[in-house]
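Commentary on secondary and tertiary structure
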Amino acid sequence: DAGVTQSPTHLIKTRGQHVTLRCSPISGHKSVSWYQQVLGQGPQFIFQYYEKEERGRGNFPDRFSARQFPNYSSELNVNALLLGDSALYLCASSSWGTGANEKLFFGSGTQLSVL
Amino acid sequence: AQSVTQLDSQVPVFEEAPVELRCNYSSSVSVYLFWYVQYPNQGLQLLLKYLSGSTLVESINGFEAEFNKSQTSFHLRKPSVHISDTAEYFCAVSEGGNKLVFGAGTILRVKS
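Residues numbered from 1 in each chain as written. Chains lettered and ligands numbered in written order. Predicted model: local features only at pLDDT ≥ 70, side-chain atom pairs only at ≥ 80, totals over all residues. Heavy atoms only, no water.

Side chains Phe64, Ala66 and Gln68 of chain A project from strand 7 (residues 64–68) of chain A onto a buried face, and the interleaved Ser65 and Arg67 of chain A project onto a face without burial. The antiparallel hairpin formed by strand 7 of chain A and strand 8 (residues 74–78) of chain A contains five residues in its connecting segment, where Tyr72 of chain A sits at a positive phi of about 75°. (Buried < 20%, exposed > 50% of the residue type's maximum accessible area, 1.4 Å probe, protein only. Helix = DSSP H or I, 4+ residues; strand = E, 2+ residues; numbered from the N terminus. Pairing = 2+ DSSP bridges.)

Attention shifts here to the interface of chain A and chain B. Contact with chain A, which involves 24 residues of that partner, is made by 20 residues of chain B. Contact between chain A and chain B buries roughly 1,600 Å² in total, counting both sides, with carbon and sulfur atoms accounting for 55%. For the chain A face of the interface with chain B, the top three residues by lost area are Pro43, Ala100 and Phe106 of chain A, together amounting to 30%. Taken together, chain A and chain B are joined by zero salt bridges. At the junction of chain A with chain B, the criterion picks out six residue pairs in polar contact (both at pLDDT 80 or more). Of all the secondary structure elements, the ones that give two or more residues to the side of chain A that touches chain B are strand 4 (31–37), strand 5 (44–50) and strand 9 (87–94) of chain A. If one sorts the elements of the side of chain A that touches chain B by residue count, strand 4 of chain A sits on top with four residues. Residues belonging to the side of chain A that touches chain B are distributed by class as follows: eight nonpolar, 14 polar and two charged. (Contact = heavy atoms within 4.5 Å. Buried area = accessible area lost by both parts, 1.4 Å probe. Salt bridge = Lys/Arg side-chain N within 4 Å of Asp/Glu carboxyl O. Polar contact = N/O pair within 3.5 Å; in protein donor to acceptor, adjacent residues only side chain to side chain. Nonpolar A, V, L, I, M, F, W, Y, C, P; charged D, E, K, R; others polar.)

Residue and element names in this part refer to chain A. Strands sit in the order 1-3-8-7 across an open sheet of four strands; the sheet is antiparallel. With one partner strand each, in any of the chains shown, strand 1 (5–7) and strand 7 form the two edges of the open sheet. Neighbour-to-neighbour, the strand axes of the sheet open up by a mean angle of 15°, direction not taken into account. For strand 3 (residues 19–24) and strand 8, the ladder comprises five bridges, and the chain directions are antiparallel. Residue pairing in the sheet places Thr20 in a bridge with Asn77 of strand 8. (Axes fitted to C-alpha atoms, helices over the stretch in contact; angles between N-to-C directions.)

Nothing here speaks to function; it is geometry throughout.
Here it is as structure tokens:
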């Protein structure tokens, strides 16, 4: 079975542009979460979605938004890009998104560079 | 809010030597703790987790971690490391749902 897949793997944008990152969860998983990993830091939670509804949101500005589709795939959108948005964006999926009893599976990430 | 502190940014060690990667957390509620490993150009992989019960948890590849409530620590240990253990290791605490709070990571460099 395929793991969590993310696209694109690398992306270069300029300040002020908009970007869309995509994630396909493991087959059968209904929950998707997004994390931002800035170089030299641990991942930071951005969003969790379950059954197309937002279940959690981290401390990120409104420029960050996400959605989940009926097939449980997800998109992360970032508007008005800033240099500080340069990071590895990780997607993770789990069966139910109910917490610590579940195993979280991470994709390899999308490396976003903002110039 | 919960937080995680990994006390060492890098740990160099020779092959077959023991290693300890330190992790301290702060939490005012029930604690669920995790160690994840990240190999170059890959996503995070769960190494082990503590939810409840025995304070010593083990992974299938020889790592173990001990939950110490009084010291608010969850240090990761391996008695004998291999070159293939070279990676970045992240300690994390759960805040409910799929929200994890991660430490800054410790790069383990195993030298021959």
